[in-house]
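Close look at the chain arrangement
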Amino acid sequence: MDLKRFASQPGHAAAQQPTHGTTPPPLPTPPMRFPETEGQPASGVAPQFHEGQVTVSSPKSESGKRLYPVSQDPKPAAIVVHCSDPRFQGAFEEFLEQELHLPKGGYIPIVVGGGAGVLGHPEQLPKEFKFLKERLEHYRQIFPTAHRIILINHEGCRYYQNLKSRALAMIGSRLHLPLDLGRDDLGLVAESFRHFLSHLGYSVELYYAKFSNPEHTHIEIEKVSA
Ligand SMILES: [Zn+2]
């Protein structure tokens, strides 16, 4: 199968201009190259094609399956660890692209319940710590361009509260848990990095996402100093 035939990629203005080269005749749209996403924020690029417009059809495989393009030769600049809480996914993605200039494909996402909070408790949460540590070590080798690691905790993280309650129960503590668990623990995460993960050479950035109003309709994300 010829990947160059994967044609339309909505959102890329380059689709207006056919690229030079061979043109397989059966496709309704001209072939195009897929530019590397690294360092190219897609902000301000309006989608060219919308559902309902029947003039452009998605590329299809021989068996009729819709085809999706592959990011060619990605050079991710960062690893991003955040929670899988669905309320925050849109905000995280927009934050990364708009404020940190990391579009999709420009970073390696590790989306896991509790986010990076578990890194702050290597003794109490050894399995979770090992899970993340092994992946960070692995990515260090196979994606040497990713020097930054971006850790985002968030307000109201139920998974993390559950984890921490279990951890505290295990060590027999009856400490009252503060509400802002995720934020408080970012300091522990930074400390943990210095102790256990400094050999990886990442520059670590910590962020905390919180609701900006009592109705919980919006989220703001602040940088937290380690
Ligand atoms: Zn969460």
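For the structure, see preceding data.
Residues numbered from 1 in each chain as written. Predicted model: local features only at pLDDT ≥ 70, side-chain atom pairs only at ≥ 80, totals over all residues. Heavy atoms only, no water.

**A closer look at the coordination of the zinc ion**
Around the zinc ion, the protein supplies C83 (SG), H154 (NE2) and C157 (SG) as donor atoms, at distances of 2.0 to 2.2 Å. Read in sequence order, the donor residues coordinating the zinc ion give the pattern C-x70-H-x2-C. The same class applies to H154 as to C157, namely buried. (Donors = N, O, S within 2.8 Å, 3.2 Å for Na, K, Ca; no water. Buried < 20%, exposed > 50% of the residue type's maximum accessible area, 1.4 Å probe, protein only.)

**Concerning the packing of aromatic side chains**
Counted according to the given criterion, the structure contains five aromatic pairs. Connected via pairs of aromatic rings, a cluster forms that spans F88, F92 and F211. Seen from the ring of Y202, R140 lies directly overhead, with NZ or CZ sitting 5.1 Å from the centre. (Phe/Tyr/Trp six-rings, centres within 6.5 Å; stacked < 30°, edge-to-face > 60°. Lys NZ or Arg CZ within 6 Å of the ring centre and 35° of its normal.)

**Considering the environment of D184**
Assignment of secondary structure puts D184 in helix α4 (residues 181-197). Along the primary structure D184 and V224 are separated by 40 residues, whereas in three dimensions their C-alpha atoms are 9.9 Å apart. (Helix = DSSP H or I, 4+ residues; strand = E, 2+ residues; numbered from the N terminus.)

**Regarding the sheet that holds strand β4 (residues 203-211)**
In space, the five strands of this open sheet follow the order β2-β1-β3-β4-β5, with mixed pairing throughout. Each of the sheet's edge strands pairs with one partner strand only, and the pair in question is β2 (107-111) and β5 (219-224). Within this sheet the neighbouring strands show an average axis-to-axis angle of 20°, counted without direction. Across five bridges, strand β1 (residues 78-82) lies against strand β3 (residues 148-154) in parallel orientation. Paired with I79 across the two strands is I149, which belongs to β3. Running over the sheet, helix α2 (residues 126-142) touches β1, β2 and β3 and is turned about 170° from β2. (Pairing = 2+ DSSP bridges. Axes fitted to C-alpha atoms, helices over the stretch in contact; angles between N-to-C directions. Contact = heavy atoms within 4.5 Å.)

**A short note on the nonpolar core**
Counting 26 residues, the largest nonpolar core has I79, V81, L119, L136 and F193 as the members making the most contacts within it. Put simply, the parts of the chain that give this core at least two residues each are β1, β2, α2, β3, α4 and β4. Take this core: its biggest share by element is five residues, from α4. Beyond its immediate chain neighbours, meaning those up to four positions away, V81 contacts I110, V112, G115, A116, L132, I149, I150, L151 and I152. Among the nonpolar cores identified, the runner-up in size contains 15 residues, and V80, F92, L102 and I221 belong to it. (Core = buried A, V, L, I, M, F, W, Y, C linked by side-chain atoms within 4.5 Å.)

**What to know about the environment of G115**
Positionally, G115 belongs in the loop between β2 and α2. C-alpha of G115 to C-alpha of C83: the two residues are 32 residues apart in sequence and 4.0 Å apart in space. Residue contacts for G115: discarding those within four places in its chain leaves V81, H82, C83 and L132.

**Considering the environment of S63**
As for its position among the elements, S63 is in the segment before β1. By relative accessible area, which is 61% here, S63 ends up exposed. Separated by 3.1 Å, the side chains of S63 and S61 make a polar contact. (Polar contact = N/O pair within 3.5 Å; in protein donor to acceptor, adjacent residues only side chain to side chain.)

**Quick word on the pattern of salt bridges**
Tallied over the full model, the rule gives eight salt bridges. Note that E137 and K133 form a salt bridge whose closest N and O atoms lie 2.9 Å from each other. Residue E137 and its partner K133 are located together in helix α2, separated by four residues, close to a single helical turn. Among the residues examined, K133 registers a relative accessible area of 24% and is labelled partly exposed. By sharing partners, the salt bridges in this structure join D85, R87 and R158 into a single network. (Salt bridge = Lys/Arg side-chain N within 4 Å of Asp/Glu carboxyl O.)

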